[in-house]
Amino acid sequence: MAFFNALACVDGLQIQVYASKRLPYADLKSVSKFEDFIHLNHPCIGFIGNRLLWQKRLRLSEDLQSGDVLVVSGNPRFLSNFPLILKAKRRNIGVVWWGHGWSASSSQITATIRRSIMRWMDVILLYTDKEVEEYKQRGFSPDKLFATNNTIDQKPIQKAMLAWSASRLDKFKIQNNLLDKRILLFCGRLTANKGLDLMLDALARISKIDSNYLLVVIGEGKEKQRLMKQASMLGIDGHIRWVGSLFDQMQMAPWFMSAECLVYPGAIGLSLIHAFSYGLPVITHGNMINQMPEIAALQNGENGLLFSEGNVDNLVEKILFLAEHPDVRSKMSTQALNTVANKFSMDNMVKQFVNAIYAAAQKK
């Protein structure tokens, strides 16, 4: 919403956003309060086990004409997008395909299909500059490739960090028994692809080396009960704090500001940018085929560390390395903040999106 609200404030740009209140294949729902330009009266239905999707009542406004632009979610599963694209093409309306170039859920077959469809678009808007470079190498025309450098709104984070002074943070640590704890943070939905079972195995080994380590888990999900059972079997219940779901940055801030790093053993997306916005180094796996586009923001050894996917020994090694080198951790923290400020800011995302819009409009 922060991104759409920012777009709505751009001079010369009039936007309308059409979406579903919820999706049938994921525990996700849209905002309940929205602006006049947000339209949620488009229920999404699934077919073939939700492998294919259709959003009802989508129409291409008769007011749109040459010079206007249609932006569609770059997911071929949404079949309802294709009639809109065909109508836009017939009416000389620019089309922007906005989505992943590659993600952890991609397969070679689906990626090939998606890339074939993308070649038909006026503009391809990808998530990161890294994806743009990869698509250039695949023969896509450079003048139709753009990237948003996908991010989150840093303003609530910056406000929360200012509100949590050192003295207030100390009181929080005392109240939550965090003094002298070495906090490892995870923040995200507790689903199978997050790799938290590997983190628990790593924590079991680390706690034998240093009993002051504490894993703080922010989030809920269908894997929670299984993970709690695994933690109990490993005998590390006392080294984990299951915080539950938090969405207010003012509530999340003290946990992020008390942590040494964010550990995300699975495919990481915007949680990486979230951590960087707090100046928190990130440890995640380095198999780029099984990562999300936002991994492009992580520079190994600069603002975070990569471990060998699925390798618990290597994960333990990376965690202990950060613990034993506070000077390195401090430099990574500074670089994490710089990464967000320089390349993954909301202002930059809006600017890049607008550039893509005008490029699509000029092609008509």
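In the block above lies the structure referred to throughout.
As the structure is a computational prediction, the values presented were derived from the model and not from experiment.

1. Structural notes on the overall build of the protein chain
No. 1: Looking only at helices and strands, the protein chain has 13 helices and 14 strands in total.
No. 2: Relative to the 2.2 N^0.38 estimate, which gives 21 Å for 364 residues, the radius of gyration of the protein chain is 22 Å and therefore close to what a compact globule would have.
No. 3: Taken along its principal axes, the extent of the C-alpha atoms in the protein chain is 65 × 40 × 40 Å.
No. 4: Buried positions account for 49% of the 364 residues belonging to the protein chain.
No. 5: In the protein chain, once contacts between residues fewer than 6 apart in sequence are set aside, the share between residues at least 24 apart is 65%.

2. As for the sheet that holds strand β13 (residues 282-285)
No. 1: If you walk across this open sheet you meet the six strands as β11-β10-β9-β12-β13-β14, and the pairing is parallel. Each of the sheet's edge strands pairs with one partner strand only, and the pair in question is β11 (240-244) and β14 (304-307). Averaged over all adjacent pairs, the angle separating strand axes in this sheet is 25°, with direction ignored.
No. 2: Each of β9 (182-187), β10 (213-218), β11, β12 (259-264) and β14 touches helix α7 (residues 196-209); the most contacted strand, β10, lies at about 160° to it.

3. Details of the sheet that holds strand β7 (residues 123-126)
No. 1: The four strands lie next to each other as β5-β6-β7-β8, forming an open sheet whose pairing is parallel. Each edge of the open sheet is held by one strand with a lone partner, namely β5 (69-73) and β8 (145-147). With direction set aside, neighbouring strand axes in the sheet form an average angle of 25°.
No. 2: As paired strands, β7 and β8 are joined by three bridges and run parallel to one another. Within β8, the position partnered with L125 by the bridge is F146.
No. 3: Strand contacts of helix α4 (residues 129-137): β7 and β8, with the helix running at about 160° to β8, the strand carrying the most contacts.

4. Re the packing of helix α5 (residues 155-163) against helix α9 (residues 249-258)
No. 1: Contact geometry of α5 with α9 gives a least axis separation of 9 Å together with a crossing angle of 65°. For the element pair α5 / α9, the angle class is roughly perpendicular. Crossing angle aside, the handedness with which α5 passes α9 is right-handed. Between α5 and α9, the contacting residues are P156, I157, A160, M161 and A163 on the first element and Q249, M250, A253 and M257 on the second.
No. 2: Broken down by class, the residue content of the contact of α5 with α9 amounts to eight nonpolar, one polar and no charged.

5. Details of the packing of α7 against helix α8 (residues 224-234)
No. 1: Contact geometry for α7 and α8: axes closest at 10 Å, N-to-C directions at 20°. Judged by the angle between their axes, α7 and α8 are roughly parallel. The two elements α7 and α8 meet at a crossing, and its hand is right-handed. Across the interface between the two elements, L196, D197, L200, D201 and A204 of α7 pack against R226, L227, Q230, A231 and L234 of α8.
No. 2: Tallied by class, residues from the contact of α7 with α8 come to six nonpolar, one polar and three charged.

6. Description of a nonpolar patch on the surface
No. 1: On the surface, a nonpolar cluster with roughly 370 Å² of combined accessible area is contributed by F47, I48, W54 and L79.
No. 2: Within the secondary structure, W54 is located in strand β4 (residues 52-55).

7. So, helix α13 (residues 346-362)
No. 1: Over its 17 residues, α13 runs 25 Å from end to end, which matches the ideal 24 Å to within 8%, given 1.5 Å per residue.
No. 2: Every buried residue of α13 is accounted for by M346, M349, V350, Q352, F353, V354, A356, I357, A359, A360 and A361.
No. 3: On the buried face of α13, the contacting elements are α1 (2-8), β5, β6 (94-98), β7 and β8.

8. A word on the nonpolar core
Where a protein is soluble and globular, its nonpolar side chains tend to be buried together.
No. 1: By size, the foremost hydrophobic cluster in this structure holds 67 residues, and its most contacted members are L185, M199, F256, L262, L272, L315 and I319.
No. 2: A per-element tally of this core places α7 first, with eight residues.
No. 3: Counting 23 residues, the second-largest nonpolar core is a separate cluster that includes F37, I38, M346 and A356.

9. Notes on the pattern of salt bridges
No. 1: Applying the stated criterion to the full structure yields seven salt bridges.
No. 2: The residue E220 makes a salt bridge to K224 at a minimum N-O spacing of 3.0 Å.
No. 3: Residue K224 is classed as buried on the basis of its relative accessible area of 13%.
No. 4: R226 is the salt-bridge partner of E223, the closest N and O atoms lying 2.6 Å from each other.

10. Observations regarding unusual backbone geometry
No. 1: Although it is not a glycine, N50 sits at a positive phi angle of roughly 65°.
No. 2: Among the secondary structure elements, N50 is positioned in the loop between β3 (44-47) and β4.
No. 3: The backbone of D180 sits at a positive phi, close to 70°, despite the residue not being glycine.
No. 4: Inspection of the secondary structure puts D180 in the loop between α6 (166-175) and β9.
No. 5: Here D180 falls in the exposed class, since its relative accessible area comes to 69%.

11. Thoughts on the pairing of β14
No. 1: Residues G304 and L306 line one face of β14 and the alternating positions L305 and F307 line the opposite face, and both faces are buried.
No. 2: Summarising the sheet, β13 and β14 pair through four bridges and their orientation is parallel. Counted as the bridge partner of I283 is L305 from β14.

Here is what the cut-offs are and how they apply
Residues numbered from 1 in each chain as written. Predicted model: local features only at pLDDT ≥ 70, side-chain atom pairs only at ≥ 80, totals over all residues. Heavy atoms only, no water. Helix = DSSP H or I, 4+ residues; strand = E, 2+ residues; numbered from the N terminus. Rg over C-alpha atoms; globule rule 2.2 N^0.38 Å. Buried < 20%, exposed > 50% of the residue type's maximum accessible area, 1.4 Å probe, protein only. Contact = heavy atoms within 4.5 Å. Pairing = 2+ DSSP bridges. Axes fitted to C-alpha atoms, helices over the stretch in contact; angles between N-to-C directions. Parallel < 35°, antiparallel > 145°, perpendicular 65-115°, else oblique. Left-handed = near helix turned anticlockwise from the far one by under 90°. Nonpolar A, V, L, I, M, F, W, Y, C, P; charged D, E, K, R; others polar. Patch = residues over 30% accessible without salt bridge, like charges linked within 9 Å, V, L, I, M, F, W, Y side chains within 5 Å. Areas by Shrake-Rupley, 256 points an atom, 1.4 Å probe, with all protein chains shown as cover. Salt bridge = Lys/Arg side-chain N within 4 Å of Asp/Glu carboxyl O. Expected span 1.5 Å × (residues − 1). Core = buried A, V, L, I, M, F, W, Y, C linked by side-chain atoms within 4.5 Å.

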